[in-house]
There are 2 protein chains.
Amino acid sequence: MKLRVTVMPKNGVLDPQGKAIQQALGGLGFSGVDDVRAGKVIILDVAETDPAKAKATAEDMARKLLANTVIESFSVEVA
Amino acid sequence: MKLRVTVMPKNGVLDPQGKAIQQALGGLGFSGVDDVRAGKVIILDVAETDPAKAKATAEDMARKLLANTVIESFSVEVA
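Here the structure is a predicted model, which is why all the values come from computation and not from measurement.

Visitor: Teacher, can you tell me more about the relation of the copies chain A and chain B here?
Guide: What connects the two chain copies is a rotation about an axis and a shift along it. Superposing chain A onto chain B takes a rotation of 180 degrees plus a shift of 0.0 Å along the axis, which leaves an RMSD of 0.0 Å. The transformation relating the two chain copies, once decomposed into turn and shift, fits a two-fold axis. Residues of chain A ranked by C-alpha distance from the rotation axis are headed by Lys40(A), positioned 2.2 Å from it. In this assembly, 100% of the residues forming the interface of chain A have copies in chain B that are likewise at the interface, indicating an isologous arrangement.

Visitor: Help me understand the interface of chain A and chain B, please; the structure alone is not making it clear to me.
Guide: Interfaces are often sized by the accessible area lost when the parts come together. Residue-level contacts link 30 residues of chain A with 30 residues of chain B. At the boundary of chain A with chain B, total buried surface from both sides reaches about 2,400 Å², with 70% on carbon and sulfur atoms. Applying the counting rule to chain A against chain B returns 0 salt bridges. Where chain A meets chain B, there are 10 residue pairs in polar contact (both at pLDDT 80 or more). Ranked by residues supplied to the side of chain A that touches chain B, first place goes to strand 2 (residues 33-46) of chain A with 14 residues. Pairing of strand 2 of chain A with strand 2 (residues 33-46) of chain B, which is carried by 13 bridges, proceeds in the antiparallel orientation. Residue Ala38(A) lies in a different strand from strand 2 of chain B, and its bridge partner there is Ile42(B).

Visitor: Mind showing me how you'd approach helix 2 (residues 51-66) of chain B here?
Guide: Every α-helix carries 3.6 residues per turn, so stepping three or four residues along brings you back to the same face. Here helix 2 of chain B contains 16 residues, and its C-alpha end-to-end distance of 19 Å is more than 12% below the 22 Å for a straight helix at 1.5 Å per residue. When helix 2 of chain B is considered as a whole, its buried residues turn out to be Ala54(B), Ala58(B), Met61(B), Ala62(B) and Leu66(B). Down the axis of helix 2 of chain B, the buried set is contained in an arc of 105 degrees. They therefore lie on one face. Turned more than 90 degrees off the buried face of helix 2 of chain B, the exposed positions are Ala52(B), Lys53(B) and Lys64(B). Buried residues in helix 2 of chain B make contact with helix 1 (16-27) and strand 2 of chain A together with strand 1 (2-9), strand 2 and strand 3 (72-78) of chain B.

What counts, and where the lines are drawn
Residues numbered from 1 in each chain as written. Chains lettered and ligands numbered in written order. Predicted model: local features only at pLDDT ≥ 70, side-chain atom pairs only at ≥ 80, totals over all residues. Heavy atoms only, no water. Least-squares fit on C-alpha atoms with pLDDT ≥ 70 in both. Contact = heavy atoms within 4.5 Å. Buried area = accessible area lost by both parts, 1.4 Å probe. Salt bridge = Lys/Arg side-chain N within 4 Å of Asp/Glu carboxyl O. Polar contact = N/O pair within 3.5 Å; in protein donor to acceptor, adjacent residues only side chain to side chain. Helix = DSSP H or I, 4+ residues; strand = E, 2+ residues; numbered from the N terminus. Pairing = 2+ DSSP bridges. Expected span 1.5 Å × (residues − 1). Buried < 20%, exposed > 50% of the residue type's maximum accessible area, 1.4 Å probe, protein only. Arc of directions from axis to C-beta.

Okay, here's the thing in structure tokens:
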């Protein structure tokens, strides 16, 4: 089963990567870009076939490794 | 309007970040992780209100900046 873990900076946390992308887009001539937030997406292919169990395990993986829960939030969905 | 650009390594391209995550998960005692692919997600908040135009512009941004189209593929969706 495949799961998608999306990890984004928490709202209110400075996102230097997003700011850098926003500036670079401006430099390339793209206008009208009000905000950019940059994060990670991790596709997990797991042997577990029960969606609820797989999701719970993926959330545990996110808390322990994939996300820095002090400054990042994460969401898990079946891909 | 918000758009989500997801950038992933192309199939067949080695994904060292994914491999590192997979090993680290094993080290933390998570078993049954068959594969891990790691990529980027970029949330663009743009002034454009027409979804088709906004999507076309975001695809152009992806080709020019957000993705290295030699080794990465991208998808754009309205967030």
